[in-house]
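Observations on the model geometry
Residues per chain are reported as follows:
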Amino acid sequence: DNFKHGIAILTTADYYSLGNRTDAFMKSALDIAEFEEYQTHIIDHLIESKLIHWDIEIRVLASKSLSCISKLNPSYCEMRVLPALLEHCFSDDLVVRHGSLLGCAEMVLAFGELDLFRSNDFVRDSVKLSIADLVPSIEKARLYRGRGGEIMRGAACRMIECIALASIFLTVKQQVGSWISL
């Protein structure tokens, strides 16, 4: 009664499955997030702890894990997570900025795979506009310059790739602005 689905979670998240970082993020976290009680907590943990981790590999794994888990609860991610990540893409802290941009990119990809951008009633227009203007806005804020510019460019390229894979409509000005900025 105290720990819902405890036995199932303990058999899923054993020593061997958690010993491999990739499996822990991509398989175990997803298996546990399938229990509805744990979805928002795992998503919040990925955003608050792992997307801002000092190790780049952890940030990349967290963003890919977030992509998989956000498919289980897209409404929570659209209303709470994506707007917060979009805001953090302009943080003064390089680690926060990089992790947030990777998280946005992977969430855009997940929403694209669920075809949520084409249905006009799911993703708000303000969020769509923020996504479309994100890469040029980062360049305008000069966040590719100086320390960490290289990893920000890589994350921006991933964002452009995910926007393309998600088939998000961009105006010609937005398309050109994204490419020229890199």
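In this report, we go over the structure that sits alongside the text. (Residues numbered from 1 in each chain as written. Predicted model: local features only at pLDDT ≥ 70, side-chain atom pairs only at ≥ 80, totals over all residues. Heavy atoms only, no water.)

1. Observations concerning the packing of helix α3 (residues 21–33) against helix α5 (residues 56–70)
Our working definition: Lines fitted to C-alpha atoms define the axes, with helix axes restricted to the stretch in contact, and inter-axis angles between N-to-C directions lie between 0 and 180 degrees. A helix here means a DSSP run of H or I that spans at least four residues, while a strand means a run of E at least two residues long, and both kinds are numbered starting from the N terminus. An angle below 35 degrees is read as roughly parallel, one above 145 as roughly antiparallel, one from 65 to 115 as roughly perpendicular, and any other as oblique. The sense of a crossing depends on the near helix, which, turned anticlockwise from the far helix by less than a right angle, makes the crossing left-handed and, turned clockwise, makes it right-handed. Contacts: residue pairs with any heavy atoms within 4.5 Å of one another. Charged residues are taken to be Asp, Glu, Lys and Arg, nonpolar residues to be Ala, Val, Leu, Ile, Met, Phe, Trp, Tyr, Cys and Pro, and polar residues to be all remaining types, Gly included.
The N-to-C vectors of α3 and α5 enclose an angle of 25°; their axes lie 9 Å apart at closest approach. Here α3 lies roughly parallel to α5, going by the angle between them. Along this stretch, α3 crosses α5, giving a crossing that reads as right-handed. Along the contact surface, α3 presents Arg 21, Thr 22, Phe 25, Met 26, Ala 29, Leu 30 and Ala 33, while α5 presents Glu 57, Ile 58, Leu 61, Ala 62, Lys 64, Ser 65, Cys 68 and Ile 69. For the contact of α3 with α5, a count of residues per class yields 10 nonpolar, two polar and three charged.

2. With respect to helix α8 (residues 125–132)
Applicable threshold: Whether a residue is buried, partly exposed or exposed follows from its accessible area with a 1.4 Å probe, protein chains only, as a fraction of its type maximum: under 20%, in between, or over 50%, in that order. Taken from the helix axis, the directions to the C-beta atoms give the arc we talk about.
For α8, the full list of buried residues reads Val 127, Lys 128, Ile 131 and Ala 132. Buried residues of α8, viewed axially, fall in a sector of 135°; they line one side.

3. Topic: the nonpolar core
Applicable threshold: For this analysis, a nonpolar core means a set of buried residues of the types Ala, Val, Leu, Ile, Met, Phe, Trp, Tyr and Cys, connected via side-chain atoms within 4.5 Å.
Residues Leu 101, Val 108, Ile 131 and Met 159 are the most contacted members of the largest nonpolar core, which totals 52 residues. Of all the secondary structure elements, the ones that give two or more residues to this core are α3, α4 (36–50), α5, α6 (74–88), α7 (94–113), α8, α9 (134–140) and α10 (149–165). Residues in contact with Ile 131, not counting those within four places in the same chain, are Leu 82, Leu 86, Val 108, Phe 117, Met 159, Ile 163 and Ile 168.

4. Comments concerning the environment of Ala 164
On the secondary structure map, Ala 164 appears in helix α10. As for Ala 164 and Arg 124, which are separated by 40 residues in sequence, their C-alpha atoms are 19 Å apart.

5. Structural notes on the pattern of salt bridges
As a reminder of what qualifies: By salt bridge we mean one thing: a side-chain nitrogen of Lys or Arg within 4 Å of a carboxyl oxygen of Asp or Glu.
Following the criterion strictly, the structure yields eight salt bridges and no others. With a closest N to O distance of 3.0 Å, Glu 57 and Arg 21 form a salt bridge. On the criterion of sequence distance, the pair formed by Glu 57 in helix α5 and Arg 21 in helix α3 is long-range, its members being 36 residues apart. Across the salt bridge formed by Lys 71 and Glu 113, the nearest N and O atoms sit 2.3 Å from each other. One end of the pair, Lys 71, is in the loop between α5 and α6; the other, Glu 113, is in helix α7, and 42 residues separate them in sequence. Look at Lys 71 and you get partly exposed, because its relative accessible area is 32%. A relative accessible area of 48% means that Glu 113 is categorised as partly exposed. If you follow the salt bridges from partner to partner, you end up with Lys 64, Glu 106, Arg 158 and Glu 161 in one network.

6. A look at the environment of Ser 49
Along the chain, the position of Ser 49 falls in helix α4. Placed 49 residues apart in sequence, Ser 49 and His 98 show a C-alpha to C-alpha distance of 13 Å.

Just geometry here; none of it tells us what the structure is for.
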